[in-house]
Amino acid sequence: MEFKFKVLYGSPNGKIVEKLTTRRLGDNDVFIETTHSGLCGTDEHFLHCEQALGHEGVGVVKHIGSSVTSVKVGDRVGFGFIRRVCGRCDNCLSGCDNHCREKRAYGQHDFDVGSFSHGTVWNADAVYSIPDGYDSAHAAPLICAGASVWSCLTNNGIRPSDRIGVVGIGGLGHLAIKLAAALGYNVVAFSGSERKREEALEFGASEFYPFPSIQRGVRIKPVKHLLLCGSSDVDYASLLDLVDTNGVIYHISVTLEPTPIPLVPLGQKGIRIQGCFITSRRNLQELLEFAARHDIKPTIVTFPLTKNGLEEAFEKLRAGGIRYRAVLKH
């Protein structure tokens, strides 16, 4: 069975192009009618590539392959970077549950995008069930932004008594504060703008510090874990006084440029730099259920899921005009 649907693509000149795409439904595939997609800063990296754009998708399952048992027609599901998985490599075996391990092996991971679309064909093992009652518009940003901070907060041995610092109160940072507070951590927010104070405290931070005051020598009780959620250009030396001895810095925001690391001062305090990326499928499903159970919602701005809507959303994202995640919807 084949399906045709419109998808928004990148192009060599960085312009967004609408194309008609055809996909065949495999035995373990589902056809999803896209209803919502989050816009992520990472999407900028794909604008000059001739490939489908978007990786924070939510939609409704309209057709299923003959072998699909995990979802049914009419279910709401999320889908992200990974279209299908092999089920047998170290990443699968360490990040998936036994149900996933028993699935048919494909031989490789298929990393793909395409949530800025009218529909898509996706492997059933790589979609996430959206809990009943949880708004699809709020679920979409959790597929990438929420997943990145959730993985950091739940997979690194952080304890409720630990002080958790969040640098940058934007698309990633505001979710990090909300989730960390709901997990019972003591959250300390850092921002370059004093105007973010009230919102940071409303999101769940117990303390707020603007960077200008830190640079003027204001002493702050150091944090055990520091999440970098703002600019990708990081001066690690400027963060040393914020992090406790044997603490950890997590660089969640993404850059393609090399980042200088001051090895001697980091070594003197025993501070580690921990990589973070999108979580496992099992962990992401736990995030969706946790967010629904605790009524945690990203703060969003919506746009139409059209070429013009995506262009407008990109413009506002570049201008810093999104508070705090853009979501496109049909």
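Since the structure is predicted, the reported quantities are computational estimates derived from the model, not experimental observations.

Close contact between helix 4 (residues 145–154) and helix 5 (residues 173–182) brings their axes to 9 Å; oriented N to C, the two are set at 45°. Taken together, the axes of helix 4 and helix 5 are oblique relative to one another. Seen from above, helix 4 lies across helix 5 with right-handed handedness. Where helix 4 approaches helix 5, its residues A145, G146, V149, W150 and L153 are matched on the opposing element by L175, A176, L179 and A180. Its residues placed into classes, the contact of helix 4 with helix 5 shows eight nonpolar, one polar and no charged.

Time to look at the nonpolar core. Among the nonpolar cores identified, the biggest contains 44 residues, and I177, L227 and I252 are the most heavily contacted of them. Counting only elements with at least two residues in this core, the list comes to helix 4, strand 10 (163–167), helix 5, strand 11 (186–191), helix 6 (197–203), strand 14 (243–251) and helix 9 (281–294). Counting residues per element, this core draws most heavily on helix 4, at six residues. Other than its neighbours up to four places away in sequence, I252 contacts S148, V149, C152, L172, L227, L228, C229 and C276. If you look at the next biggest cluster of nonpolar residues, it comprises 17 residues, including V188, I220, V223 and V243.

Let us look at the confidence of the model for the protein chain. Summarising the model, the protein chain shows a mean pLDDT of 89, and 90% of its residues fall at 70 or more. Within the model, pLDDT remains below 50 along residues 96–109, and this stretch shows 30 contacts once partners closer than five positions in the same chain are excluded.

Let's shift gears to the layout of surface pockets. Taken as a whole, the largest pocket holds about 1,000 Å³ of empty space. Every residue lining the largest pocket is counted, 41 residues in all, and those nearest its centre are G41, L172, C229, G230 and L317. Elements supplying a minimum of two residues to the lining of the largest pocket: helix 4, helix 10 (307–318) and strand 17 (325–329). Per-class residue counts for the lining of the largest pocket are 20 nonpolar, 16 polar and five charged.

To continue, consider empty space enclosed by the protein. Following the criterion strictly, the structure yields one cavity of 30 Å³ or more and no others. The volume enclosed by the largest cavity comes to roughly 40 Å³. Ranked by the residues each element gives to the lining of the largest cavity, the list is headed by strand 1 (residues 2–9), at three residues. Considered class by class, the residues forming the lining of the largest cavity number four nonpolar, three polar and two charged.

Once that is clear, we can look at helix 5. With eight of 10 residues buried, helix 5 is to be regarded as a mostly interior element. Buried residues of helix 5: G173, H174, L175, A176, I177, K178, L179 and A180, and no others. One or two positions beyond helix 5, positive phi appears at G184, with a value near 90°.

Conventions adopted
Residues numbered from 1 in each chain as written. Predicted model: local features only at pLDDT ≥ 70, side-chain atom pairs only at ≥ 80, totals over all residues. Heavy atoms only, no water. Axes fitted to C-alpha atoms, helices over the stretch in contact; angles between N-to-C directions. Helix = DSSP H or I, 4+ residues; strand = E, 2+ residues; numbered from the N terminus. Parallel < 35°, antiparallel > 145°, perpendicular 65-115°, else oblique. Left-handed = near helix turned anticlockwise from the far one by under 90°. Contact = heavy atoms within 4.5 Å. Nonpolar A, V, L, I, M, F, W, Y, C, P; charged D, E, K, R; others polar. Core = buried A, V, L, I, M, F, W, Y, C linked by side-chain atoms within 4.5 Å. Buried < 20%, exposed > 50% of the residue type's maximum accessible area, 1.4 Å probe, protein only. pLDDT = per-residue confidence, 0-100. 1 Å grid on protein atoms, 1.4 Å probe; cavity = no way out; pocket = protein on both sides within 12 Å on 5 of 7 lines; lining within 4 Å. Points joined across faces, edges and corners; volume = space filled by probe spheres on them.

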